[in-house]
Amino acid sequence: MKSVLILIIILSIYMPYHFAQGSDNEELNSMTKAAKQNGYTIREWNVYQKSSIGKVKNVKEYNLFINQIKKDLKGYKWESTKEIDHHFKLVGIKTDSKYRLSQRLVITAIKGKDGYDLERTHEITGQIWNEEVSDKVLSEAFDNSNQPQTFYNVRADMPMNKPNQDKLKSKSQKLVSDLSAKEVEGLTEGNFVSYSALSKKWNYSLKLKNNNKMNLQVANRFTEDDNKLTVTIGTPIIIKEY
């Protein structure tokens, strides 16, 4: 599945209850710790944040706003789009080759009745896990003043001979348990096992249609071509390809 498709499907089925606020990155640290303790090697971590940041009255105010953004945020390469379908967009990309980090910041202005509503999305992806570095980068990059929706995802893998479904389930269930969670839904298809769960570690959740709640997803996929087991862990949901 693709991340956008996953997010659209999930949010059309599940009613949001509360989202992670991105305060101290405990979620990301807990998920990477659980993966490493279970023998996985971290390959990628990702944090995606979305928030409403106010509005501007007209195009002139919007241009003043984005010019200030460009001035304040150093190290980004910026690209602006002209008005398309009643909205403007500013996209900034920032990379750090030392820690193999990339950031993508998007400011979108959507035309409303009395001006333009402003939305901010910020995605940070890293290929090297360093808790101190990630905490520093996220604390500097993210603005939690507008009660953003924050999604944390971790991808890790390990070499493995072809497992049966019971072993796949067991590996997934162990991660769920290590994250102080209880399974609420599960899916098994061939070499793929996925669980939705509710963790006691975090005080936010998504409400399901059957009145259950979830704030954690764990998905394990075995690939025979390289004899590798790949896990994707996400809270409150996985929004990356898995």
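Use the structure listed above.
Cut-offs and rules
- Residues numbered from 1 in each chain as written.
- Predicted model: local features only at pLDDT ≥ 70, side-chain atom pairs only at ≥ 80, totals over all residues.
- Heavy atoms only, no water.
- Core = buried A, V, L, I, M, F, W, Y, C linked by side-chain atoms within 4.5 Å.
- Buried < 20%, exposed > 50% of the residue type's maximum accessible area, 1.4 Å probe, protein only.
- Helix = DSSP H or I, 4+ residues; strand = E, 2+ residues; numbered from the N terminus.
- Expected span 1.5 Å × (residues − 1).
- Contact = heavy atoms within 4.5 Å.
- Polar contact = N/O pair within 3.5 Å; in protein donor to acceptor, adjacent residues only side chain to side chain.
- Phe/Tyr/Trp six-rings, centres within 6.5 Å; stacked < 30°, edge-to-face > 60°.
- Pairing = 2+ DSSP bridges.
- Axes fitted to C-alpha atoms, helices over the stretch in contact; angles between N-to-C directions.

*Asks:* What exactly am I supposed to notice about the nonpolar core here?
*Replies:* General note: in soluble globular proteins, nonpolar side chains tend to be found buried as a group. One finds Leu28, Tyr40, Trp45, Ile124, Leu216 and Ile233 to be the most contacted residues of the largest nonpolar core, which totals 37 residues. Looking at this core, the elements with two or more residues in it are α2 (26–37), β2 (41–56), α4 (131–141), β7 (149–159), α5 (165–178), β9 (192–199), β12 (216–223) and β13 (228–235). In terms of nonpolar packing, the next biggest core, distinct from the first, is built from 10 residues, Val56, Phe88, Tyr116 and Leu118 among them.

*Asks:* Would you explain α2 in this entry?
*Replies:* If you check α2, its first and last C-alpha atoms are 16 Å apart, about what 12 residues at 1.5 Å a residue would give, namely 16 Å. Inspection of α2 places Glu27, Leu28, Asn29, Ser30, Met31, Thr32, Ala34 and Ala35 among the buried residues, and these make up the whole buried set. The elements touched by buried residues of α2 are β2, α4, β7, α5 and β13.

*Asks:* What is the right way to look at the environment of Tyr76 in this model?
*Replies:* By the element assignment, Tyr76 lies in the loop between α3 (59–72) and β3 (77–84). We classify Tyr76 as buried; its relative accessible area is 13%. Along the primary structure Tyr76 and Thr95 are separated by 19 residues, whereas in three dimensions their C-alpha atoms are 8.0 Å apart. In contact with Tyr76, other than residues within four places in its own chain, are Gly92, Ile93, Lys94, Gln103, Leu105 and His122. Of the polar contacts made by the side chain of Tyr76, one reaches the side chain of Gln103; its length is 3.0 Å.

*Asks:* What am I meant to see in the side chain of Arg120 here?
*Replies:* Position of Arg120 relative to the elements: it lies in strand β6 (residues 115–126). You can call Arg120 buried: its relative accessible area is 12%. Only 3.2 Å separates the side chain of Arg120 from the backbone oxygen of Ala141, close enough to count as a polar contact.

*Asks:* Explanation requested: the packing of aromatic side chains in the structure shown.
*Replies:* Overall, the coordinates contain six aromatic pairs when judged by the stated rule. Both rings, one in Tyr76 and one in Trp78, keep their centres 5.1 Å apart while their planes meet at 25°; by these two values the pair is stacked. Centroid distance Trp202 to Tyr204: 6.3 Å. Interplanar angle 10°. Geometry classified as stacked. Each of the two residues, Trp202 as well as Tyr204, counts as buried. Pairwise contacts between aromatic rings join Tyr62, Phe88 and Tyr116 into one cluster.

*Asks:* What exactly am I supposed to notice about the pairing of β7 here?
*Replies:* Walk down a regular strand and you will see the side chains alternate between the two sheet faces. Within β7, eight of the 11 residues are buried, which leaves the element mostly enclosed by the surrounding structure. By the bridge criterion, eight bridges tie β7 to β13 in an arrangement that is antiparallel. Looking at the pairing, Arg155 lines up with Thr232 of β13.

*Asks:* For this particular structure, what's the right way to read the sheet that holds β6?
*Replies:* Each strand in a sheet pairs with another by means of backbone hydrogen bonds, the pair being arranged parallel or else antiparallel. Read across the open sheet, the 10 strands follow the order β3-β4-β5-β6-β2-β7-β13-β12-β9-β8; overall the sheet is antiparallel. What marks the edges here is a single partner per strand, and that holds for β3 and β8 (181–189). Across the sheet, the mean angle separating the axes of adjacent strands is 15° when strand polarity is ignored. Bridge analysis of β2 against β7 gives nine bridges, and the strand direction is antiparallel. Directly across from Asn46, in β7, lies its bridge partner Asn153. Packing against the sheet, α2 makes contact with β2, β7 and β13, and its axis sits at approximately 15° to β7.

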